[in-house]
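Below are the chains, spelled out letter by letter.
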Amino acid sequence: MKKIQWGAGIILAFSVIIILLISSFETAMYSDFGVYEREYEKYDVLDDLGMTMEDTMHVTREMMAYLRGDRDVLSVETTVEGRQQDFFNEQDRFHMAEVRDLFIGGLDLRLGACAAAVLCILILIFLRADWRKIVPRSYWIVLAVIGVLLAVFAAAAVIDFNAVFVGFHHIFFDNDLWLFDPAEDYMIRMLPEGLFADMVVRIGVLFAGGMIVLFILSMLPGILERKKIRKTYNKL
């Protein structure tokens with residue numbers, strides 16, 4: 001019985017972390033499109049593209065809507081280098097279709113994690129588990145594991161972000177169509193590596209901040225219990 005309770009607690013903690021991670025991605029990418037404007041200015045993207053900020057942001061919003069599954073085809077007519085044309089080419093469409101599959105898969109995973117979390121909570125309630133003990137400690141265990149992995153990833157990204165970036169693509173894509181030529185492809189000019197590095201930092205800050213908040217919340221049951229014990233002791 002105890003093993004089931006602790007197992008439910010661990011799965012609950014992992015589910016919450018998954019929900020937080022994917023939500024951090026979504027929030028970083030979609031909550032404030034002003035971030036993209038600032039990134040484009042930072043990396044002189046408009047000069048590289050020969051586009052106005054208005055047109056570049058229109059392309060960006062359409063691309064992000066596509067990644068979320070809100071539009072079926074990645075095709076945006078705009079003015080690039082003085083010519084009216086489709087911003088995206090066939091290689092762009094193929095690669096971004098794979099990226100969309102990953103992103104939508106992540107959203108589905110978050111939904112599954114929500115379902116798993118609810119199920120674990122119901123199991124803990126049904127088994128009358130000591131949730132004040134099991135839930136916080138389960139989170140601390142998972143946090144320790146995730147913290148180590150996050151520290152390793154952060155160190156690797158700081159040392160050589162390009163290697164991490166390339167490694168990510170080798171893991172998640174079984175082709176080399178994610179390799180673009182800036183001389184021929186507009187999309188890679190709009191999305192320089194520095195932009196991805198900055199977005200990873202943004203996601204990391206949101207994710208780490210969320211984990212810290214959850215850690216503080218996980219401490220509350222123990223703090224309240226100790227206060228209760230002290231009050232009882234003082235009354236004796």
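In short, a report on the structure. Not measured: the values here are computed from a predicted model.

**Focus: the overall build of the protein chain**
In step 1: If you tally the helices and strands in the protein chain, you get 9 helices and 2 strands.
In step 2: Helices (α) and strands (β) of the protein chain occur, in sequence order from the N terminus, as α-α-α-α-β-β-α-α-α-α-α.
In step 3: Its C-alpha radius of gyration of 23 Å places the protein chain more than 25% over the 18 Å reference for a compact globule of 236 residues.
In step 4: Reported as C-alpha extents along the three principal axes, the dimensions of the protein chain are approximately 85 × 30 × 30 Å.
In step 5: Here the protein chain holds 236 residues, and 36% of them are scored as buried.
In step 6: Of all intrachain contacts in the protein chain linking residues separated by at least 6 positions in sequence, the fraction that spans at least 24 positions is 77%.
In step 7: For the protein chain, the exposed surface amounts to about 14,000 Å²; the carbon and sulfur share of it is 66%.
In step 8: Separation between the mean location of the 23 positive side-chain charges and that of the 31 negative ones in the protein chain comes to 25 Å.

**A look at a nonpolar patch on the surface**
In step 1: A cluster of nonpolar side chains, Trp140, Ile212, Val213, Phe215, Ile216, Leu217, Met219, Leu220 and Ile223, forms an exposed patch at the surface whose accessible area comes to about 750 Å².
In step 2: The biggest single contributor to the nonpolar patch is helix α9 (residues 193–235), with 8 residues.
In step 3: Following the sequence through the fold, Leu217 ends up in helix α9.

**Things to note about helix α6 (residues 131–159)**
In step 1: Under the 1.5 Å per step criterion, the end-to-end length of α6 is 41 Å for 29 residues, consistent within 8% with the ideal 42 Å.
In step 2: Buried residues of α6: Ile134, Pro136, Ser138, Tyr139, Val142, Leu143, Ile146 and Ala157, and no others.

**Details of the layout of surface pockets**
In step 1: By volume, the second largest pocket amounts to about 210 Å³.
In step 2: If you go around the second largest pocket, the residues you meet are Gly9, Leu12, Ala13, Val16, Trp131, Val135, Pro136, Tyr139, Leu214, Leu217, Ser218 and Pro221.
In step 3: Elements with a contribution of two residues or more to the lining of the second largest pocket: α1 (2–30), α6 and α9.
In step 4: Its residues assigned to classes, the lining of the second largest pocket comprises 10 nonpolar, 2 polar and no charged.

**Let's talk about the pattern of salt bridges**
In step 1: The tally for this structure, following the rule as stated, stands at 9 salt bridges.
In step 2: For Lys42, the salt bridge is made with Asp198, and the minimal N-O distance between the two is 2.9 Å. Of the two residues, Lys42 sits in helix α2 (residues 34–42) while Asp198 sits in helix α9, which places them 156 residues apart along the sequence.
In step 3: Measuring nitrogen to oxygen at the nearest pair gives 3.2 Å for the salt bridge that ties Asp86 to Arg93.
In step 4: Here the salt bridges do not stand alone but share partners, grouping Glu26, Arg68 and Arg110 into one network.

**What about the packing of aromatic side chains?**
In step 1: For the structure on display, the rule yields 9 aromatic pairs.
In step 2: What links up through ring pairs into an aromatic cluster is the set Tyr30, Phe33, Tyr36 and Phe103.
In step 3: Sitting over the face of the ring of Tyr30, Arg68 holds its NZ or CZ atom 4.3 Å from the ring centroid.

Conventions and cut-offs
Along each chain, numbering runs from 1 in the same order as the chain's sequence is written. This being a predicted model, a pLDDT of at least 70 is required before a residue's local features are given, and a value of 80 or more before pairs of side-chain atoms are given or counted; all residues contribute to the totals for chains, interfaces and linings. As a rule here, side-chain values come from all non-hydrogen atoms in the structure, and water together with hydrogens is ignored. A helix here means a DSSP run of H or I that spans at least four residues, while a strand means a run of E at least two residues long, and both kinds are numbered starting from the N terminus. We compute the radius of gyration from the C-alpha atoms alone; for a globule the expected value is 2.2 Å times N to the 0.38, where N is the number of residues. Throughout this description, buried means an accessible area under 20% of the type-specific maximum (1.4 Å probe, protein chains only), exposed means over 50%, and partly exposed covers the range between. Contacts: residue pairs with any heavy atoms within 4.5 Å of one another. The protein chains shown are the only cover counted for residues, whose accessible areas, like all others here, come from Shrake-Rupley with a 1.4 Å probe. Asp and Glu count as negative and Lys and Arg as positive, but His and the ends of the chain are not part of the count. Every charge is mapped to an atom, namely NZ of Lys, CZ of Arg, CG of Asp or CD of Glu. Excluding any residue in a salt bridge, patches collect residues exceeding 30% relative accessible area, merging like charges within 9 Å and nonpolar Val, Leu, Ile, Met, Phe, Trp and Tyr side chains within 5 Å. The term salt bridge refers to a pairing of a side-chain nitrogen on Lys or Arg with a carboxyl oxygen on Asp or Glu at a separation within 4 Å. To estimate how far a helix should reach, multiply one less than its number of residues by 1.5 Å. Within this scheme a cavity is a closed region of a 1 Å grid, computed over the protein atoms alone, that accommodates a 1.4 Å probe without allowing it to escape, whereas a pocket is open but has protein on both sides within 12 Å along at least five of seven lines; lining residues each have an atom within 4 Å of a point. Grid points are joined across faces, edges and corners, and a volume is the space filled by probe spheres set on the points. Following the grouping adopted for this structure description, the nonpolar residues are Ala, Val, Leu, Ile, Met, Phe, Trp, Tyr, Cys and Pro, the charged ones are Asp, Glu, Lys and Arg, and the polar ones are all others, Gly among them. Centres within 6.5 Å make a pair out of two Phe, Tyr or Trp rings, where for Trp the six-membered ring is used; the pair is then stacked when the planes are under 30 degrees apart, edge-to-face when over 60, and tilted otherwise. Consider the ring centre and the ring normal. A charge sits over the ring if Lys NZ or Arg CZ is within 6 Å of that centre and within 35 degrees of that normal.

Shape is all these values report; function is a separate question.
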